[in-house]
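# A look at the structure
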Amino acid sequence: MNPNHCDIKDLGLADEGLRRIRWADNDMPVLQQIRNEFRKAQPLRGLRMSACLHVTAETANLVRTLQAGGAEVVLCASNPLSTQDDVAASLVRDFDIRVYAIRGIDNQGYYRHLKAAAEHKPQITMDDGCDLVTLLHDKYKKNMSEVIGSMEETTTGVIRLRAMERSGVLKLPVIAVNDAKTKNMFDNRYGTGQSTVDGIVRATDVLLAGKNVVVAGYGWCGRGFANRCRGMGSNVIITEIDPIKALEAAMDGFRVMPMDEAAGIGDIFCTLTGNKHVVRKEHFKKMKDGAIVANSGHFDVEIDIPALAKLAKQVNRGVRNHVDEYVMPNGNRIHLLAEGRLINLAAAEGHPASVMDMSFATQALAAAYMAEHGKELENKVYDPPSDIEDKVSMMKLRSMSLTIDKLTKEQVSYLSDWTEGT
Ligand SMILES: NC(=O)c1ccc[n+]([C@@H]2O[C@H](COP(=O)([O-])OP(=O)(O)OC[C@H]3O[C@@H](n4cnc5c(N)ncnc54)[C@H](O)[C@@H]3O)[C@@H](O)[C@H]2O)c1
């Protein structure tokens, strides 16, 4: 790849990136198999694709799979703090992929990269947070007729896309890959769960045992994180706005209370809601000295950082890597991690490859489906086709050397028959 057709930090980092891409690939057997199938069947032959995803080793293996399927892929970052610069370098040097991603880039640079992905005139897009689709709708209306469709990777992106559909402004069909069971039940729960613990621990070296951990949101990500913290010996408190999720948390054995009450009890706070200003001024005022505050939801708006900055009498930046210390008027220190951005990607490596194997296998198959059927779809948000889910879960089971039972003929007829009762 001509280095002028990309924007990355340093091509010299490629050796380390290549090692990481290969290491991740070892744990992505389903995606590997799909890559081999794609190489033969060429389901994406000649298609221009732009992907706006976290630039990690796992994403590199997805992009390689799309390329093996015949697509001409451009990759840009979906978050300025999640890019692994060495991976970006290896994608350019070793895999001939055009990459626009630099860790820590400012907002202007982030949007310049998104623009480069849009100017590839994609026929299929892949988004993680809906920034690329939004840009195409806002600034590249003239190219929209060429777009066959898009895939969306995360909950926040799906929420934005459904809002676009409701407002009648969505101009392309989207497969909500996030809503696949092969994605959210595993990636959001086990992937975000484990890697959020990893990010908080790497950033702070905090001992989780015995700490009061306040988890905002008991959705897929929150459930995963709460359960992993419990496993590490923390006393976990859940805050919710949905009565059913709150009940579920209570019956799973967690304490449930409003943030207002939890604010004075927590040692560690983590937001995983997809909502805005979940931890805000009135909560900061009640926090204990040394409280750690982190976010693992998609955007950096879950913690009201401007309010925290306004409240603080002093801010000590970088008291440790990824930790800023805000000193409150009463002298209490609040430790904000990774500027409120996704802690698992900013301070750790994101989800383990083994779980991204399922999400990205679903992404790759959804892209092939979009290439074949996109023109028949309406401008709506679609659930992923169930045969894709069945294929991915069976392949994953096989890769784990697990087999399951098959329905007998008698069971098939019993399950489809309403006459047999007591
Ligand atoms: N860190 C990562 O790598 C990663 C991975 C996947 C998803 N995400 C992001 O994490 C967020 C959550 O995703 P999810 O799949 O768990 O979504 P979800 O919809 O399953 O769960 C979100 C939960 O937050 C609750 N909630 C909303 N507002 C709240 C508030 N003010 N206080 C307390 N609870 C509130 C909702 O009721 C819901 O139960 C999204 O932004 C998603 O994009 C991050």
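Residues numbered from 1 in each chain as written. Predicted model: local features only at pLDDT ≥ 70, side-chain atom pairs only at ≥ 80, totals over all residues. Heavy atoms only, no water.

## Structural notes on the site of the ligand
Keep this limit in mind: Any residue with at least one heavy atom within 4 Å of a molecule or strand is counted as near it. Distance and chemistry together define a polar contact, namely a pair of N or O atoms within 3.5 Å, with one atom able to donate a hydrogen and the other to accept it when in protein, and with adjacent residues in sequence counting only for side-chain atoms on both sides. Under the convention used here, a 1.4 Å probe and the Shrake-Rupley method define accessible areas, while residue burial counts only the protein chains that appear. The secondary structure listing takes helices from DSSP runs of H or I that are at least 4 residues long and strands from runs of E that are at least 2 residues long, numbered from the N terminus. Think of it as three bins: nonpolar holds Ala, Val, Leu, Ile, Met, Phe, Trp, Tyr, Cys and Pro, charged holds Asp, Glu, Lys and Arg, and polar takes everything else, Gly as well.
Within the structure, the ligand sits among 27 residues, and T154, T155, T156, N188 and E240 are positioned closest to it. In the environment of the ligand, an oxygen atom lies 3.1 Å from a nitrogen or oxygen atom belonging to the side chain of K245. Contact between the ligand and N344: an oxygen atom at 2.8 Å from a side-chain N or O atom of the residue. With the chains in place, 88% of the 860 Å² that the ligand exposes on its own is no longer accessible. Listing elements by their share of the shell around the ligand, those giving two or more residues are α7 (155-166), α8 (181-204), α9 (220-231) and α14 (343-346). Counted by class, the shell around the ligand contains eight nonpolar, 16 polar and three charged residues.

## So, a nonpolar patch on the surface
What counts here: Each patch is built from residues lacking any salt bridge and having more than 30% relative accessible area; the joining distance is 9 Å for like charges and 5 Å for nonpolar side chains (Val, Leu, Ile, Met, Phe, Trp, Tyr). Throughout this description, the term salt bridge denotes a Lys or Arg side-chain nitrogen within 4 Å of a carboxyl oxygen of Asp or Glu. Note on exposure labels: buried denotes an accessible area under 20% of the residue type's maximum, exposed denotes more than 50%, and partly exposed covers the range between, all computed with a 1.4 Å probe on protein chains only.
A surface patch of nonpolar side chains, amounting to about 430 Å² of accessible area, comprises L407, V412, Y414 and L415. Note that L407 resides in the loop between α16 (386-399) and α17 (409-415). On the accessibility criterion, L407 (56% relative accessible area) is exposed.

## Re the packing of aromatic side chains
Keep this limit in mind: Aromatic rings from Phe, Tyr and Trp, with only the six-membered ring used for Trp, were paired whenever their centres fell within 6.5 Å, and each pair was classed as stacked if the ring planes differed by under 30 degrees, edge-to-face if by over 60, and tilted otherwise. We call a charge positioned over a ring when the NZ of a Lys or the CZ of an Arg lies within 6 Å of the ring centre and within 35 degrees of the ring normal.
One pass over the structure, following the stated rule, counts three aromatic pairs. On the basis of an interplanar angle of 85° and a centroid distance of 5.2 Å, the ring pair of Y110 and Y111 is categorised as edge-to-face. Residue Y110 is classed as buried on the basis of its relative accessible area of 4%. Look at Y111 and you get partly exposed, because its relative accessible area is 37%. Look at Y218 and F254: their rings are 5.7 Å apart centre to centre, the planes differ by 65°, and that puts the pair in the edge-to-face class. Linking Y218 in the loop between β7 (212-216) and α9 with F254 in the loop between α10 (243-251) and β9 (255-256), this pair joins segments that are 36 residues apart in sequence. Across from the ring centre of Y218, 5.9 Å away, lies the NZ or CZ of R223, which sits over that ring. Sitting over the face of the ring of F254, R230 holds its NZ or CZ atom 4.0 Å from the ring centroid.

## Section: the side chain of R189
Condition: Any two residues having at least one pair of non-hydrogen atoms within 4.5 Å are treated as being in contact.
Here R189 is to be found in helix α8. Excluding residues within four positions of it along the chain, R189 makes contact with N184, W220 and G224.

## Brief notes about the packing of helix α6 (residues 131-139) against α7
To keep things clear, this is the line we draw: Note on method: axes are straight lines fitted to C-alpha atoms, helices fitted across the in-contact stretch only, with angles between N-to-C directions ranging 0 to 180 degrees. With respect to orientation, any angle under 35 degrees is reported as roughly parallel, any angle over 145 as roughly antiparallel, any angle of 65 to 115 as roughly perpendicular, and every other angle as oblique.
Running from amino to carboxyl end, α6 crosses α7 at an angle of 30°, the nearest separation of the two axes being 10 Å. By the angle between their axes, α6 is roughly parallel relative to α7. Residues D131, V133, T134 and H137 of α6 form the contact with α7, whose own contacting residues are R160, L161 and M164. A breakdown of the residues in the contact of α6 with α7 according to their chemical character gives three nonpolar, two polar and two charged.

## Looking at the packing of helix α3 (residues 57-68) against helix α15 (residues 353-373)
Condition: Take the far helix as the reference: if the near one is turned anticlockwise from it by less than a right angle, the crossing is left-handed, and if turned clockwise, right-handed.
Orientation of α3 relative to α15, taken along the N-to-C sense of each, is 30°, at an axis distance of 10 Å. One finds that α3 runs roughly parallel with respect to α15. For the element pair α3 and α15, the recorded crossing hand is right-handed. Contacts from E58, T59, L62, T65 and L66 in α3 reach A353, M356, F360, Q363, A364 and A367 in α15. When its residues are assigned to classes, the contact of α3 with α15 shows seven nonpolar, three polar and one charged.

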